[in-house]
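Okay, here's what each chain looks like letter by letter:
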Amino acid sequence: MWDGEADILVLGAGHNGLTAAAYLAKAGLKTLVLEAKERVGGGSGTEELTAPGYLHDTCASIHGGIQAGPVLKDLELDRFGLRYIYPDPLYASVFPDGSSLITWRSVERTVKEIERFSPQDAAAYRRLMEFWERAIRDGFGRSRYSPPRKPTEIYARLENSKFGFELMRYAASSPLDVVRELFTEEHVRAHVLKASIQGGIVPDQPGSGLQVFTGGTGARHTFGWGIPEGGAAELPLALLRCLRAHGGDVLTASVVREIIVEDGTAKGVAIADGRRFAAHKALVAGLHVRQIFREMIDPKWLDPSLVEAMGNVKTGLSEVVLHLALSERPRYRPGLGVDDVVHVHAAESIADLIAAYAEYRKGNRYPRAPFQIICHTLLDRKRAPQGHHVLNTGHYAPYALSGQPESWSAIKQELLRHETERVREYIPNVNEKTVVGKLVVTPLDIEASNAMFFHGDIGGMGHFPSQEGILRPHPSIADYRTPIHHLYLTAACTYPGGSITGAPGHNCAMTVLGDLGLKPRTQ
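It should be emphasised that the depicted structure is a prediction, and the values quoted were computed from it without experimental measurement. (Residues numbered from 1 in each chain as written. Predicted model: local features only at pLDDT ≥ 70, side-chain atom pairs only at ≥ 80, totals over all residues. Heavy atoms only, no water.)

Asks: If you had to explain the sheet that holds strand 7 (residues 100-103) to someone new, which residues and values would you point to?
Replies: Read from one edge of the open sheet, seven strands run 7-6-14-15-16-13-17, paired in mixed fashion. Each edge of the open sheet carries a strand with a single partner, namely strand 7 and strand 17 (435-441). Adjacent strand axes in the sheet meet at a mean angle of 15 degrees, parallel and antiparallel pairs treated alike. Sheet topology note: the strand 6 (residues 91-94)/strand 7 ladder contains four bridges and is antiparallel. Bridged to Ser93 within strand 7 is Leu101. (Pairing = 2+ DSSP bridges. Helix = DSSP H or I, 4+ residues; strand = E, 2+ residues; numbered from the N terminus. Axes fitted to C-alpha atoms, helices over the stretch in contact; angles between N-to-C directions.)

Written as structure tokens, this is what we have:
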């Protein structure tokens, strides 16, 4: 007997699960989402973390990738209350020597900024953007909002492309190699590299070189990045309203314990309170693949090698995040000229970037870790009381500090002091008088906040070449289908990975609809 039923069950109400659910409901399928927590959103959340009335994004602070895809328009999320604010400048870098460098939405204005440091590098930046326009831009969105292609298909296309071999070379390189090849001046190099490796990319990791053309340069100039007015939670809330408008719904506080399989077909789920829900046409799992394949499915239905592989997924770096509630506007050191910039990188130097990641690999902290600073309230007044602000900073860090994750708990107070002092180096008015509330979040806290954030990796699994494209999360399930009939995958562990894109949700929904012989209903 079933306690509830639907055409489609979706497990997990993160933004990808909700995206998939909204597309499926809009296509006319009765869709029900089961969410373990009391609220929807997953990594796109907003809470009063420091003091009442101060709204902080709990994880995703930059909604960039989703601007390049069809999700916002297809699902008409503006009609469901979602409003994005688009910062310009896009971001800036500040340096210990008192200099700064700003990237504007305008390429030409950015080139003029770079000319202050190096006319040669300014010309190189213009050539980088020309290469993005000629060789990458048109395929950027298409490649992310469709299932991953096989390497043979990718290379066949590249071999027949005018820029194919150059793309192959950059793709095989590391971001650090590409930056060093294209630019000569150290401030420019640090500025471009720091922006390019946001998202958990390691700077000297071969196979990630194209990030230099997409991460902080080409895609940002072309598509911009958005601040959801009122907080990151406004994206999943708009998706929820869209889902309900098309007859779907979400049940929160519903912890799934088992995916019920009969004769190799997913029939439904059992949740922790004993209730059972049927999925008549498909079951979409937007959970971590370790949970799905190692905890929720009877292993008799699975190839042991797949179960083993999902238990061995590699996680990337975690993060240390500082949240501050401020009684006044943050003011940077005189001369930096970035008081109006929402997103600022304290890029430090190329040497610091390289040294920091070398220490992370050893399981150590790096005292002068390059970090980012985000102050949404410069443009979004809904997030704090009048005249007050919320600010967050963050940098990458190892999960197993000194080989022991629990070590983070022992140093939390010292970490809070250290991170606040690091911010004060660039924003002197962050002090006892202006700080209304503060909170430091460690890798251990990140892991505890969301089952998707295994080992504190907000992408679920690391962005390594061995876990990208057709290899994400495993070659046998990279097309969002699984060996279990009617069971599909979405969310950060699937292609193209974590961050706010909606691409895994979109791609999974298109796969389900195709298998059911249905067409998506967009605008």
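Asks: So what about unusual backbone geometry? Which residues, and what values?
Replies: The residue after Arg472, namely Pro473, is reached through a cis peptide bond having omega -10 degrees. Relative to the assigned elements, Pro473 resides in the loop between helix 16 (443-449) and strand 18 (487-489). At the junction of Tyr495 and Pro496, the peptide bond is cis and its omega measures out at 0 degrees in the coordinates. Mapped onto the elements of the fold, Pro496 is located in the loop between strand 18 and helix 17 (503-515).

Asks: Describe the packing of helix 8 (residues 186-196) against helix 9 (residues 211-223), listing the residues and the values that go with them.
Replies: Helix 9 packs onto helix 8 with a crossing angle of 95 degrees between their chain directions and a minimal axis gap of 7 Å. Here helix 9 runs roughly perpendicular to helix 8, going by the angle between their axes. Side by side, helix 8 and helix 9 meet where Val192, Ala195 and Ser196 of the first sit next to Gln211, Val212, Gly215, Gly216 and Thr217 of the second. Across the contact of helix 8 with helix 9, the residue classes tally to three nonpolar, five polar and no charged. (Parallel < 35°, antiparallel > 145°, perpendicular 65-115°, else oblique. Contact = heavy atoms within 4.5 Å. Nonpolar A, V, L, I, M, F, W, Y, C, P; charged D, E, K, R; others polar.)

Asks: Give a description of the nonpolar core that names residues and reports values.
Replies: Core analysis: the biggest nonpolar cluster contains 44 residues, and Phe183, Phe213, Tyr357 and Tyr360 have the highest contact counts within it. By size, the runner-up hydrophobic cluster in this structure holds 42 residues, among which are Leu18, Ala22, Val284 and Leu513. (Core = buried A, V, L, I, M, F, W, Y, C linked by side-chain atoms within 4.5 Å. Buried < 20%, exposed > 50% of the residue type's maximum accessible area, 1.4 Å probe, protein only.)

Asks: Before we move on, can you summarise the packing of aromatic side chains with the specific residues and values?
Replies: Tallied over the full model, the rule gives 11 aromatic pairs. Summarising the aromatic geometry, the rings of Tyr125 and Phe183 are spaced 6.4 Å apart at their centres and angled 35 degrees between planes, so their arrangement reads as tilted. You can see Tyr125 sitting in helix 4 (residues 119-144) and its partner Phe183 sitting in the loop between helix 7 (175-182) and helix 8, a full 58 residues away along the chain. Residue Tyr125 is classed as buried on the basis of its relative accessible area of 1%. For Phe183, a relative accessible area of 0% puts it in the buried group. On the numbers, 6.2 Å between centres and 20 degrees between planes, the contact of Phe140 with Phe223 is stacked. Taken as a pair, Phe140 in helix 4 and Phe223 in helix 9 lie far apart in primary sequence, 83 residues in all. On the basis of relative accessibility, which here comes to 13%, the residue Phe140 falls in the buried class. Among the aromatic residues, ring-to-ring pairing joins Phe131, Phe163, Tyr170 and Phe213 into one connected group. A cation over an aromatic ring shows up here: Arg169 above the ring of Tyr170, its NZ or CZ 4.7 Å from the ring centre. (Phe/Tyr/Trp six-rings, centres within 6.5 Å; stacked < 30°, edge-to-face > 60°. Lys NZ or Arg CZ within 6 Å of the ring centre and 35° of its normal.)

Asks: Would you mind going over the environment of His323 in detail, with residue names and values included?
Replies: Its place among the elements puts His323 in strand 13 (residues 318-326). Under the relative-accessibility criterion, His323 is labelled buried at 1%. Along the chain, His323 and Asp445 lie 122 residues apart, while their C-alpha atoms are 13 Å from each other. With residues near it in sequence (within four places) discarded, His323 still touches Leu49, Thr50, His56, Asp57, Leu391, Asn392, Gly437, Lys438, Leu439 and Val441.

Asks: Break down helix 1 (residues 15-26) for me, citing the residues and quoting the values.
Replies: Between its terminal C-alpha atoms helix 1 stretches 16 Å, which fits the 16 Å expected from 12 residues at 1.5 Å a residue. By the criterion of burial, helix 1 is predominantly enclosed, with 12 of the 12 residues buried. Every buried residue of helix 1 is listed here: His15, Asn16, Gly17, Leu18, Thr19, Ala20, Ala21, Ala22, Tyr23, Leu24, Ala25 and Lys26. Directly beyond the C-terminal end of helix 1, a positive phi value near 100 degrees is found at Gly28. (Expected span 1.5 Å × (residues − 1).)

Asks: So what's going on with the packing of helix 11 (residues 289-296) against helix 12 (residues 304-311)? Which residues, and what values?
Replies: Running from N to C, helix 11 and helix 12 point in directions that differ by 135 degrees, and their axes come no closer than 9 Å. Regarding the angle of helix 11 to helix 12, the classification is oblique. Between helix 11 and helix 12 the crossing geometry is left-handed. In contact with Val289, Arg290, Phe293 and Arg294 of helix 11, helix 12 contributes Leu306, Val307, Glu308, Met310 and Gly311. Across the contact of helix 11 with helix 12, the residue classes tally to five nonpolar, one polar and three charged. (Left-handed = near helix turned anticlockwise from the far one by under 90°.)

Asks: Outline the side chain of Glu348, supporting the account with residue identities and numerical values.
Replies: Looking at where Glu348 falls in the secondary structure, it is placed in the loop between strand 14 (343-346) and helix 13 (350-361). With a relative accessible area of 4%, Glu348 lands in the buried category.

Asks: Go over the pattern of salt bridges with me, naming the residues and quoting the values.
Replies: Between side chains of opposite charge, a pair can form as their charged atoms come close. Overall, the coordinates contain 31 salt bridges when judged by the stated rule. The closest approach of N and O atoms between Arg169 and Glu181, which form a salt bridge, is 2.9 Å. Of this pair, Arg169 sits in helix 6 (residues 164-172) while Glu181 is found in helix 7, placing the two residues 12 residues apart along the sequence. Residue classification places Arg169 among the partly exposed positions, given a relative accessible area of 38%. (Salt bridge = Lys/Arg side-chain N within 4 Å of Asp/Glu carboxyl O.)

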